[in-house]
Amino acid sequence: MKLVTYLKDGQDHLAMCIENVLYDMDSIHPELPTSIAMFLNYWDDYFPIAQNALERIKSGLKSNVYTTAMEDATILAPVPYPTSCRDAYAFRQHVEAARRNRGLEMIPEFDQFPVFYFTNHSCIQGPGDVVCMPDHLKQLDFELEAAIVICKAGKNIAAAEADEYVGGLMIMNDISARTLQMEEMRLNLGPAKGKDFATVTGPMLVTLDELETFEVACPENHTGKSWNLDMTCSVNGVRISKGNLKDMAWTFAEIIERCSYGVQLFAGDIIGSGTVGTGCFLELNGTGKLSDPNYEQQWLKEGDVVEMEIEGLGKLTNTIVKDESDFSILDLKKL
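Please read all numbers here as calculations on a predicted model, not as lab measurements.

(A) Region of interest: the layout of surface pockets. If you add up the space inside the largest pocket, you get close to 920 Å³. For the lining of the largest pocket, the secondary structure elements donating two or more residues are strand 5 (85–88), helix 4 (92–100), strand 6 (116–118), helix 6 (178–185) and helix 8 (281–291). Of all the elements, helix 8 adds the most residues to the lining of the largest pocket, at five residues. Residue classes in the lining of the largest pocket are distributed as 17 nonpolar, nine polar and 11 charged. Lining the second largest pocket are 15 residues, and of these K2, C17, E19, N20 and M204 lie nearest its centre. Only strand 2 (11–18), helix 3 (43–58), strand 14 (199–206) and strand 22 (314–322) provide two or more residues apiece to the lining of the second largest pocket. Take the lining of the second largest pocket: its biggest share by element is three residues, from strand 2.

(B) Quick look at the environment of R258. Assignment of secondary structure puts R258 in helix 7 (residues 252–259). Overall, the relative accessible area of 40% leaves R258 in the partly exposed class. R258 sits 100 residues away from A158 along the chain, and the two C-alpha atoms are 8.8 Å apart. For R258, the residues in contact, after removing those within four places along its chain, are F113, P114 and F116.

(C) Broad picture of the pattern of salt bridges. Under the counting rule described, the total for this entry stands at 14 salt bridges. For K8, the salt bridge goes to D24, with nearest N and O atoms at 2.5 Å. With K8 in strand 1 (residues 2–8) and D24 in strand 3 (residues 21–24), this residue pair connects regions lying 16 residues apart in the sequence. Judged on exposure class, the residue K8 and its partner D24 are both buried. Residue D111 is joined to R92 by a salt bridge in which the shortest nitrogen-to-oxygen separation is 2.4 Å. Taken as a pair, D111 in the loop between helix 4 and strand 6 and R92 in helix 4 lie far apart in primary sequence, 19 residues in all. The exposure class assigned to D111 is partly exposed, which follows from its relative accessible area of 45%. By relative accessible area, R92 is classed as partly exposed at 26%.

Thresholds applied
Residues numbered from 1 in each chain as written. Predicted model: local features only at pLDDT ≥ 70, side-chain atom pairs only at ≥ 80, totals over all residues. Heavy atoms only, no water. 1 Å grid on protein atoms, 1.4 Å probe; cavity = no way out; pocket = protein on both sides within 12 Å on 5 of 7 lines; lining within 4 Å. Points joined across faces, edges and corners; volume = space filled by probe spheres on them. Helix = DSSP H or I, 4+ residues; strand = E, 2+ residues; numbered from the N terminus. Nonpolar A, V, L, I, M, F, W, Y, C, P; charged D, E, K, R; others polar. Buried < 20%, exposed > 50% of the residue type's maximum accessible area, 1.4 Å probe, protein only. Contact = heavy atoms within 4.5 Å. Salt bridge = Lys/Arg side-chain N within 4 Å of Asp/Glu carboxyl O.

The structure is reproduced here in C-alpha cells:
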C-alpha cells in the first residue's frame, strides 16, 4: 500500500496511491480516517480494512470514491506532523569515507552499536520548495536516505520483534547547512542549527507488504529486514549519488531496539537511515579533494532542483529557494 498525504480544502488529507491516482481513504471505506496520524495510531484496526479496499479498487470496484491525479495534487510529507524524528548513521561506506577524508581511521564503535540523533520534527516537509536563510546557503548539502515510520507504540523493543513496529518506508533528504554544522560540532554538540530548518520526506509511505519482493538477507550477525532498493540523487538533472538500501550495516530493527531502550516510541515517530555511501556533497567533495587538490567543491545553490529516487518508494523533488530575509547568525559571533 502506498500512503500519500495531500492538501485538500486547506487541510492535510490521507489517500491511497494506485498507479499515480490518489483515492481518499475516507471515501473508499467509511471507517477509514482522513489523517495519517489517526491511521498510524490505530494501525492494527485500519490496515486490514485499507488492504481490503485496495483489492476492491484493483478489481474495478471504484463507485463513489473520490480521486485526484497525483500530478495535480499538492503533495505534503507522508507524515506531516510526526511525533519525533531521529536520524541514524547506518551506512559503513559513508562513515568510512567521511573519516578517511578527514585523515581519521574508521571508528571501531561503529560496529558495536547503532547511533542516532534527534532532529527538528516541526520542520518536516514534503516535495516542493525548500526555503533557506543566507547562512543555510553557505555550503548547503543534501543527504540521500531512507526512513521508516513507527506504526505502534512500544518500549524496550527487541530487534527480533522490531519490524512489526514499522509502518513503511519513504525517501528522506536530510538537508544540511555545513558551515553552521561544522562550527557548532567543534563544541562537541549538535548537529543542531545546521540541520534543524528542513528535513524532507516523501512523496509516499510504502508499507512493507509492497516491498516483500525486494527483501534480502540482512548482514551476517545482524537481525531484521533488509531491502535491495537502488537509491539515486540528481541535482539539476545530473546524477550525483548512487547506492543501495541493502548496504545498511545496521538494520532498522536494530536501530529501533536502540532508540526504544528505556524510552517509549510512538506511532508517527520517524527514524532515518543516515546517508548512503556517496549520498552527499560533503563526502563527495572530501573524496575529490583527496585525489585531486584542485578538485572544485560542489554545494547546493539557490534555484537548484534536487531529485531523489529509491526503487519502489517513488521520486522526491525539491527546489532550493532563498528566504527574503538577509539576517545572518554567523555575523553575530563575538570574535
